[in-house]
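One-letter residues, chain by chain:
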Amino acid sequence: MVSQTSLSPREKFKQYLTDRKLRKTPERFALLEKALSLPGHFAADALYDNMEASGYHVSRATIYSTLELLVDCGLLNRHMFGSRKTCFEVAVGSHLHLVCNACGKIREIEENTFFRPEEMDLEGFSPTYCSTMVYGLCKDCARKHDNP
């Protein structure tokens, strides 16, 4: 048997769909590829617009349902930063998000500079990833705030 960590994202998604007896449609795999190619955090609407711009029409319902499958599969992480819409990012390790309350800019810091979930007593809970949001003002907005 092949280890889950050695599978490509496409193979992992295919195995996930097979295990749950879900259809392996070309649209789902096209969405997977596009989602993995988008930089940083993205909203479902941005994925839809990106698909349309590349000439691949997929319904919004397919976008939303496939994003849920990709999160459940462990290929994407879902976040809500303050009052902003839900956004997604490729699942690569745990990290801390620094979110500016003024401009909305998001900066990431690797989790090992903050804390290690694997070292915490989680009473049998097995984390798949960890993401913490810290809200405040970024350097540029803090400067504007101090010098009106």
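About the thresholds
- Residue positions are given per chain, counted from 1 along the sequence in the order it is written.
- Local features in a predicted model are, by the rule used here, given only for residues with pLDDT of at least 70; side-chain atom pairs are given and counted only at 80 or more, and totals for whole chains, interfaces and linings are based on all residues.
- As a rule here, side-chain values come from all non-hydrogen atoms in the structure, and water together with hydrogens is ignored.
- Relative accessibility thresholds used throughout: buried, under 20% of the residue-type maximum; exposed, over 50%; partly exposed, between the two (1.4 Å probe, protein chains only).
- Only DSSP runs of H or I covering at least 4 residues are called helices, and only runs of E covering at least 2 are called strands; the numbering of each starts at the N terminus.
- As used here, the arc belongs to the directions running from the helix axis to the C-beta atoms.
- Here, two residues are considered to be in contact whenever any of their heavy atoms come within 4.5 Å of each other.
- The salt bridge definition used is simple: a Lys or Arg side-chain nitrogen within 4 Å of an Asp or Glu carboxyl oxygen.
- Each Phe, Tyr or Trp ring, with Trp reduced to its six-membered ring, pairs with another whose centre is within 6.5 Å; inter-plane angles below 30 degrees give stacked pairs, above 60 give edge-to-face pairs, and intermediate values give tilted ones.
- Nonpolar cores were defined as sets of buried Ala, Val, Leu, Ile, Met, Phe, Trp, Tyr and Cys residues, with membership established by side-chain atoms within 4.5 Å.

Asks: Explain helix H1 (residues 9-19) to me, please; I cannot follow it from the model alone.
Replies: Structurally, the α-helix is built with 3.6 residues per turn, so residues lying three or four positions apart point the same way. Among the residues of H1, Phe13, Tyr16 and Leu17 are the ones counted as buried. In a view along the axis of H1, the buried residues occupy a sector of 95°, so they form one face of it. Looking at the buried positions of H1, the neighbouring elements they touch are helix H2 (26-37) and helix H4 (60-73). Looking one or two places after H1, you find Lys21, whose phi comes out positive at around 55°.

Asks: I'm lost on the pattern of salt bridges in this one. Help?
Replies: Working definition: two side chains of opposite charge can pair if their charged atoms are close together. Under the defined criterion, the tally for this structure stands at 4 salt bridges. Notably, a salt bridge pairs Arg10 with Glu33, separated by 3.9 Å at the nearest N-O pair. Of the two residues, Arg10 is situated in helix H1 and Glu33 in helix H2; the sequence distance between them amounts to 23 residues. Since its relative accessible area comes to 43%, Arg10 is described here as partly exposed. A salt bridge links Arg78 to Glu68, with the shortest nitrogen-to-oxygen separation between them at 2.4 Å. In this pair, Arg78 sits in strand S1 (residues 76-80) while Glu68 sits in helix H4, placing the two residues 10 residues apart along the sequence.

Asks: Explain the packing of aromatic side chains here, please?
Replies: Any two aromatic rings considered together are summarised by their centre-to-centre distance and by the angle between their planes. Under the counting rule described, the total for this entry stands at 3 aromatic pairs. Aromatic pair Phe13 and Tyr16: ring centres 6.4 Å apart, planes at 15°, arrangement stacked. With Phe13 and Tyr16 both in helix H1 and 3 residues apart, the pair spans about one turn of that helix. For Tyr16, a relative accessible area of 7% puts it in the buried group.

Asks: Please clarify how the nonpolar core should be interpreted in this entry.
Replies: Within soluble globular proteins, side chains that are nonpolar tend to cluster in buried spots. Phe13, Phe42, Leu47, Met51, Ile63, Leu67 and Leu76 are the most contacted members of the largest nonpolar core, which has 24 residues in total. Mapped onto this core, the elements with two or more residues apiece are H1, H2, helix H3 (44-53) and H4. In terms of residue count, the dominant contributor to this core is H4 (6 residues). Ignoring any residue separated from it by four or fewer positions in sequence, one finds Leu47 in contact with Leu31, Lys34, Ala35, Leu38, Phe42, Ile63 and Leu67.

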